[in-house]
Amino acid sequence: IDSKKQPWLFLKLAEKIPDVKFQMIGGISNDKRLYEFIKKASMRHPNLDFLGYIPFYEIDEYFKQASILVNTSEFEGYPNAFIQAWMHHTPTVSLNADPDEVICRYKLGFHSKTFDQMVQDVKTLLRNDQLRREFGRNARRYTEREHDTNKIVGKYIRILQEI
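Computed from a predicted model, the values in this text were never measured in an experiment.

Visitor: Any chance you could explain the pairing of strand S1 (residues 22-25) here in plain terms?
Guide: Moving residue by residue along a regular strand, the side chains alternate between the two faces of the sheet. With burial as the criterion, only one face of S1 is covered, namely that bearing Phe22 and Met24; the residues Gln23 and Ile25 on the opposite face remain uncovered. When S1 meets strand S2 (residues 48-52), the two strands line up parallel, connected through 4 bridges. Within S2, the residue paired with Met24 across the bridge is Phe50. Read from S1 through helix H2 (residues 32-42) to S2, the crossover connection turns out right-handed.

Have a look at this one:
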């Protein structure tokens, strides 16, 4: 839970779509006051479970069960959470982050750009099972093609051999 991730927007999203169950995962960062504020504020939203920190070895289960990964960050490089979600056929709705336009280019979800559009994009995916499944399949294919461990390890080996 960090200010650059704008977690208050996720709370606002849960308010805008009260008939949907949301989960927020995130540990304490340098800003303990923000963490406590978000934790306490989330209790006012009956459709939102604030789960706090989840160890890496347990996180895949949440990506498997999720319908959508929502990213409210102000900016990010290439979030690991995207790859983890996509591995489990979970499409992404991202407010700002779309590294190299992969979300849009490969139809892995939506790059919303505004909060109001993000609300609409989440609603669209929740109401359209076919589109959500299509984006999920695209996401899985993308990770298999671009982030397969065997391919990545081979690239690292070649790079290290050149050093």
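What follows continues from the structure just given.
Visitor: Just checking my understanding: could you explain the packing of helix H3 (residues 56-65) against helix H4 (residues 80-87) for this structure?
Guide: Close contact between H3 and H4 brings their axes to 9 Å; oriented N to C, the two are set at 55°. As judged from the angle between their axes, H3 and H4 are oblique. The interaxial crossing formed by H3 with H4 has right-handed handedness. Contacts between H3 and H4 pair Phe56, Ile59, Asp60 and Phe63 from the former with Ala81, Gln84 and Ala85 from the latter. Residue composition of the contact of H3 with H4, grouped by class: 5 nonpolar, 1 polar and 1 charged.

Visitor: Would you mind going over the pattern of salt bridges with me for this structure?
Guide: Side chains that carry opposite charge are capable of pairing whenever their charged atoms lie near each other. Summed over all chains, the structure comprises 6 salt bridges. When the shortest N-O distance is used, the salt bridge between Lys64 and Glu61 registers 3.8 Å. Of the two residues, Lys64 and Glu61 both sit in helix H3, 3 residues apart, roughly one turn of that helix. Assessed through its relative accessible area of 49%, Lys64 is described here as partly exposed. Judged by relative accessible area, Glu61 falls into the partly exposed class, the value being 40%. A salt bridge links Arg145 to Glu146, with the shortest nitrogen-to-oxygen separation between them at 3.3 Å. When its relative accessible area of 38% is taken as the criterion, Arg145 is described as partly exposed. Assessed through its relative accessible area of 35%, Glu146 is described here as partly exposed.

Visitor: Explain the packing of helix H6 (residues 115-127) against helix H7 (residues 129-146) to me, please; I cannot follow it from the model alone.
Guide: Angle between the axes and distance between the axes: these two values describe a pair of packed helices. Two elements in contact, H6 and H7, have axes separated by 5 Å at closest approach and are oriented at 100°. Judged by the angle between their axes, H6 and H7 are roughly perpendicular. Residue-level inspection shows Thr124, Leu125, Leu126 and Arg127 of H6 in contact with H7, the latter providing Asp129, Leu131, Arg132 and Phe135. Classifying every residue of the contact of H6 with H7 by side-chain character gives 4 nonpolar, 1 polar and 3 charged.

Analysis parameters
Residues numbered from 1 in each chain as written. Predicted model: local features only at pLDDT ≥ 70, side-chain atom pairs only at ≥ 80, totals over all residues. Heavy atoms only, no water. Buried < 20%, exposed > 50% of the residue type's maximum accessible area, 1.4 Å probe, protein only. Helix = DSSP H or I, 4+ residues; strand = E, 2+ residues; numbered from the N terminus. Pairing = 2+ DSSP bridges. Right-handed = clockwise from strand over helix to strand, strands pointing away. Axes fitted to C-alpha atoms, helices over the stretch in contact; angles between N-to-C directions. Parallel < 35°, antiparallel > 145°, perpendicular 65-115°, else oblique. Left-handed = near helix turned anticlockwise from the far one by under 90°. Contact = heavy atoms within 4.5 Å. Nonpolar A, V, L, I, M, F, W, Y, C, P; charged D, E, K, R; others polar. Salt bridge = Lys/Arg side-chain N within 4 Å of Asp/Glu carboxyl O.

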